[in-house]
Amino acid sequence: MSEIRNETPLIEVRNLKEHFPIQVSGLKTKPLKAVDGVSFSIKRGETLGLVGESGCGKTTVGRTILNLYKPTSGEIIYDGKPIKTAADIKEFRKKATMVFQDPYSSLNPRMTVADIIGEPLDVHKLYKTKEERQARILELMDYVGLNSEHAARYAHEFSGGQRQRIGIARALAVNPEFIVCDEPVSALDVSIQAQVINMFQELQEKLGLTYLFIAHDLLVVRHISDRIAVMYLGKMVELADADEIYDHPMHPYSKSLLSSVPVPDPNIARANKRIILEGDIPSPLNAPSGCPFRTRCRYATDVCAQSMPEFKEVKPGHFCACHNLENVD
Amino acid sequence: MNLKKLSMHPDLDCFAPASEAEKEYMVQMRPSSTFFKDGVKRLMKNKIAVISFFVIVIITLCSIILPMFWPYKYDQMLGVRPGRPVNSSYNNLAPFEYGEKELERMAEGEKIFPHIFGTDAQGRDYFIRVVYGARISLAVGFFASLIVLVIGLTVGSISGYCGGKVDIVIMRIVDIIYSLPDMLMVILLSTVLKEVLAPLIAGTVLEKLGVNMISLFIVFGLLYWVSMSRQIRGQILSLREQEYVLAAQATGARGKWIIMKHLLPNCISVVVISTALQIPSAIFTESYLSFLGLGVNAPMPSLGSLASDALNGMNSYPYRLVIPAIVISLIVLSLNLFGDGLRDAFDPKLNG
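What counts, and where the lines are drawn
Residues numbered from 1 in each chain as written. Chains lettered and ligands numbered in written order. Predicted model: local features only at pLDDT ≥ 70, side-chain atom pairs only at ≥ 80, totals over all residues. Heavy atoms only, no water. Core = buried A, V, L, I, M, F, W, Y, C linked by side-chain atoms within 4.5 Å. Buried < 20%, exposed > 50% of the residue type's maximum accessible area, 1.4 Å probe, protein only. Contact = heavy atoms within 4.5 Å. Pairing = 2+ DSSP bridges. Helix = DSSP H or I, 4+ residues; strand = E, 2+ residues; numbered from the N terminus. Axes fitted to C-alpha atoms, helices over the stretch in contact; angles between N-to-C directions. Polar contact = N/O pair within 3.5 Å; in protein donor to acceptor, adjacent residues only side chain to side chain. Buried area = accessible area lost by both parts, 1.4 Å probe. Salt bridge = Lys/Arg side-chain N within 4 Å of Asp/Glu carboxyl O. 1 Å grid on protein atoms, 1.4 Å probe; cavity = no way out; pocket = protein on both sides within 12 Å on 5 of 7 lines; lining within 4 Å. Points joined across faces, edges and corners; volume = space filled by probe spheres on them. Nonpolar A, V, L, I, M, F, W, Y, C, P; charged D, E, K, R; others polar. Phe/Tyr/Trp six-rings, centres within 6.5 Å; stacked < 30°, edge-to-face > 60°. Lys NZ or Arg CZ within 6 Å of the ring centre and 35° of its normal. Patch = residues over 30% accessible without salt bridge, like charges linked within 9 Å, V, L, I, M, F, W, Y side chains within 5 Å. Areas by Shrake-Rupley, 256 points an atom, 1.4 Å probe, with all protein chains shown as cover. Expected span 1.5 Å × (residues − 1). Bend = angle between axes of the 7 residues up to and from the residue.

S.K.: So what exactly am I meant to see when it comes to the nonpolar core here?
M.R.: Here is a general trend for soluble globular proteins: nonpolar side chains tend to be buried in one another's company. One finds I117(A), I166(A), I168(A), L172(A), F200(A) and F213(A) to be the most contacted residues of the largest nonpolar core, which totals 59 residues. In contact with F200(A), other than residues within four places in its own chain, are V99(A), I168(A), C181(A), P184(A), Y211(A), F213(A) and I224(A).

Given below as structure tokens:
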């Protein structure tokens, strides 16, 4: 949400694929196409929201960008340089970090808060003296609104919201430029969600951070994101500015997804008609041919079964992958 | 409290703001409790475990301290004096009996330290031999478990963390070792190693301990780590799926760091428990190897070899067999009970 924007993207992902081998029988394996050809870029200081239903590969995109999973193919270009070798990755780890979904399992129960937050400092040896480390940890705790008295405590002594703050402080420890937020608020209750989201925004303004914000709560994503990408079954189906995608969704899947957002005003809610999808999301092991959404799409035609629609710029800054855009009302 | 007549609400004018001291009183910071403290607290509630712990401590302390100021040595034959014929009156004394010379000296009013358990066939004080035997047995149990711990921990954590092919290879090796008849292997290896090791350790401190003891440690190192490594691997397999491990990977931590900082501290309870249960099993193995004549070198006693020697005079001197047997049982039983107590106190799966 900050105003500083360079035109060169901070991070660019080109045709990223992540296929996991799944054992079918004996020695035979079959690729599970968790992410299947995703391309996007994020500008410095920008927040890209990534939405989609469970199992569509959002989390895998986030983890693959950080090289937690080795990408099957595709390129990740950070600040103009592709991330390939182990040395690149090591350097990249100091600039890109992650906030995890579950504040309970993402903190080691045997470590004190100071050790959890200080771990990235230890790993990258970012301090010279013990005092320097301690000072940095207290500074980070102050950033995320934790009391310095909490440093010697264990994670299980904290509430969900406080734990997530610890996780955020850990992500900030190396002074990163880019943070992948993997559903950082979905495990928290609503009042805490608001606090944490606002903290994300304050930190972005203060430290000039760039976020990839993965979520399934569409209201949260709209609140924090500059642009939003919609994923379905390992593929990106639509990408546009946050307001544009909310006001004029193009892809039939995005339309249906956005029609499911609850509206606080009952009059408007009644006027909106929900587009209810039939069937379930297909298994990524047996993805449909052509467009992955065709099995549940009202507008599907023969061409949808034959080829995957191109992910093209329909309006300036608005990308969409659909064969029958002109028919979609 | 004054209530308003109509609404029955408390009258707000009756409330006074809290003073600083009162505010202070309301904020009670509980001292942070660690997993370890909680475990110790639970352990302390288990009476059997506490008693077993004290039995172990007492036996260990006795076996370390008593030989220091006991008037007799474990290998001192009381009837043998240089330049004099062997006085056989010291051999096979019953508890609290004395040899000829000692009786004479006592008649002169001298105080003689009693032979609490009598003496053995060579006229050696049996009590100090039992104490010494307990010392050897405990030392064997402790060091053998240490070897098992180090090897099992290393192999298990590498196998669990790396997974995939590394895991398959290591686990097949473990399976092979598991399927060997361990008794046979121990006896076989001790016999073979005896030949190999004897020239190697001649003249060193280890010689006093005996080739058998060294080969026993080697056998332990080679064979007994497998169950430990399996347990550790099982723990690590489930722990490495935790998100905090992924978080550590995201910060750029390497395998060694993750194992040392994240995985092992979280399976410490399994480690402590299986080590505690490994000690009695090692003592047991040492005892029957000694019993079979494969244990410590004479005149060094161990509880097993004492029992073995006592077999010859079982009808006349049954206490010589019973005493070391009781001490072995006591050590093994209390270690096992203590190990069980540790498991109950530290294994979170058992206490919900």
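S.K.: Mind showing me how you'd approach the sheet that holds strand β2 (residues 28–43) of chain A here?
M.R.: By definition, the strands of a sheet pair up through backbone hydrogen bonds, in either a parallel or an antiparallel sense. Residue and element names in this part refer to chain A. Spatially, four strands are ordered β2-β1-β4-β5 in an open sheet, and the strand pairing comes out antiparallel. Two strands bound the open sheet, and with one partner strand each, they are β2 and β5 (81–82). In the sheet, strand β1 (residues 9–25) pairs with strand β4 (residues 73–78) via five bridges, with the strands oriented antiparallel. Along β4, the bridge assignment pairs V13 with I76. Its contacts with the sheet place helix α1 (residues 58–65) against β1, β2 and β4, and it is angled at close to 115° to β1.

S.K.: Got a minute to help me understand the side chain of H251(A) in this structure?
M.R.: Residues and elements named next belong to chain A. You can see H251 is positioned in the loop between α8 (242–247) and α9 (252–259). On the basis of relative accessible area, H251 is assigned to the buried category, the value being 0%. At 3.0 Å, the side chain of H251 and the backbone nitrogen of Y253 are in polar contact.

S.K.: I'm lost on the interface of chain B and chain A in this one. Help?
M.R.: Accessible area lost when the parts come together is the quantity often used to give the size of an interface. Counting from both sides, the interface comprises 23 residues of chain B and, opposite them, 25 residues of chain A. Between chain B and chain A the total buried area reaches about 2,200 Å² when both faces are included, carbon and sulfur atoms providing 55% of it. On the surface where chain B and chain A come into contact, there are one salt bridge. The salt bridge partner of R63(A) is E243(B), with a shortest N-O separation of 3.5 Å.

S.K.: Please clarify how the pairing of strand β9 (residues 227–232) of chain A should be interpreted in this entry.
M.R.: The side chains of a regular strand alternate between both faces of the sheet. All names here are of chain A. For β9, the tally of buried residues reaches six of six residues, placing the bulk of the element in the interior. The side-chain alternation of β9 yields two buried faces, one formed by R227, A229 and M231 and the other by I228, V230 and Y232. Bridge count for strand β3 (residues 47–51) against β9 is four bridges, and the pairing is parallel. Residue L50 lies in a different strand from β9, and its bridge partner there is A229. In the sheet, β9 pairs with strand β10 (residues 235–241) via six bridges, with the strands oriented antiparallel. Bridging across to β10, Y232 finds its partner in K235. Taken together, β9 and the strand that follows it, β10, pair antiparallel across an intervening segment of two residues, in which L233 is found at a positive phi of about 50°.

S.K.: What should I look at first to understand the layout of surface pockets in this one?
M.R.: Any empty space left between atoms is shown by rolling a water-sized probe over those atoms. In this model, the largest pocket occupies a volume close to 930 Å³. Lining the largest pocket are 27 residues, and of these R93(A), Q249(B), G252(B), A253(B) and R254(B) lie nearest its centre. Only α2 (86–92) and α3 (113–124) of chain A together with α11 (243–250) and α12 (255–266) of chain B provide two or more residues apiece to the lining of the largest pocket. The element contributing the most residues to the lining of the largest pocket is α2(A), with five residues. Residue classes in the lining of the largest pocket are distributed as 11 nonpolar, six polar and 10 charged.

S.K.: Any chance you could explain the packing of aromatic side chains here in plain terms?
M.R.: What describes a pair of aromatic rings is the distance from one ring centre to the other and the angle between the planes of the rings. Residues and elements named next belong to chain B. This model, assessed by the stated rule, comprises 16 aromatic pairs over all chains. Arranged with centres 5.9 Å apart and planes meeting at 65°, the rings of F53 and F54 form a pair that is edge-to-face. Following the ring pairs from residue to residue traces out a cluster consisting of W70, F113, F117 and F127. Geometry around Y132 places R135 over its ring, the cationic atom sitting 4.9 Å from the centre. Above the ring of Y178, the side-chain terminus of R230 is found at 4.3 Å from the ring centroid.

S.K.: How do you make sense of the sheet that holds strand β11 (residues 312–315) of chain A when you look at a structure like this?
M.R.: Residues and elements named next belong to chain A. What the eight strands build is an open sheet, ordered β6-β7-β8-β3-β9-β10-β12-β11; its pairing is mixed. One side of each edge strand has no neighbouring strand; the edge strands of this open sheet are β6 (96–99) and β11. Pairwise comparison of adjacent strand axes, ignoring direction, gives a mean angle of 25° for this sheet. The pairing of β6 with strand β7 (residues 178–182) spans four bridges and is parallel. Counted as the bridge partner of V99 is C181 from β7. With respect to the sheet, α1 is in contact with β3, β6, β7, β8 (210–214) and β9, its orientation differing from that of β8 by roughly 150°. Set on the sheet, helix α6 (residues 190–207) makes contact with β3, β6, β7 and β8; between it and β8 the angle comes to about 160°.

S.K.: I'm lost on a nonpolar patch on the surface in this one. Help?
M.R.: Residues and elements named next belong to chain B. Residues L61, I64, I65, M68 and F69 make up a contiguous nonpolar surface patch of about 520 Å² in total accessible area. Inspection of the secondary structure puts M68 in helix α3 (residues 47–69). Since its relative accessible area comes to 63%, M68 is described here as exposed.

S.K.: Honestly, the pattern of salt bridges in this entry has me stumped. Any pointers?
M.R.: A side chain with one charge may pair with a side chain of the opposite charge, provided their charged atoms come close. Residue and element names in this part refer to chain A. Counted according to the given criterion, the structure contains 25 salt bridges over all chains. Note that R133 is salt-bridged to D122, the shortest N-O span being 2.9 Å. A residue pair is termed long-range when its members are at least 10 positions apart, and R133 in helix α4 (residues 130–143) and D122 in helix α3 qualify at 11 residues. The pair R133 / D122 is uniform in exposure class, with both members buried. Among the salt bridges present, the one from R153 reaches E157, with a minimum N-O distance of 3.2 Å. Taken as a pair, R153 and E157 share a single burial class, namely buried. Among the charged side chains, a network of salt bridges with common partners joins E12, R14, E75 and K84.

S.K.: How should I be thinking about α3(B) in this particular structure?
M.R.: One turn of an α-helix holds 3.6 residues; hence residues three or four places apart share an orientation. Residues and elements named next belong to chain B. An ideal rise of 1.5 Å per residue puts 33 Å on 23 residues; α3 measures up with 33 Å between its terminal C-alpha atoms. Of all the bends in α3, the largest measures some 30° and sits at C62. Those residues of α3 that sit buried are A49, V50, S52, I56, I59, S63, L66 and P67. At the N-terminal boundary of α3, the capping side chain belongs to N46, with an oxygen 3.4 Å from the backbone nitrogen of I48.

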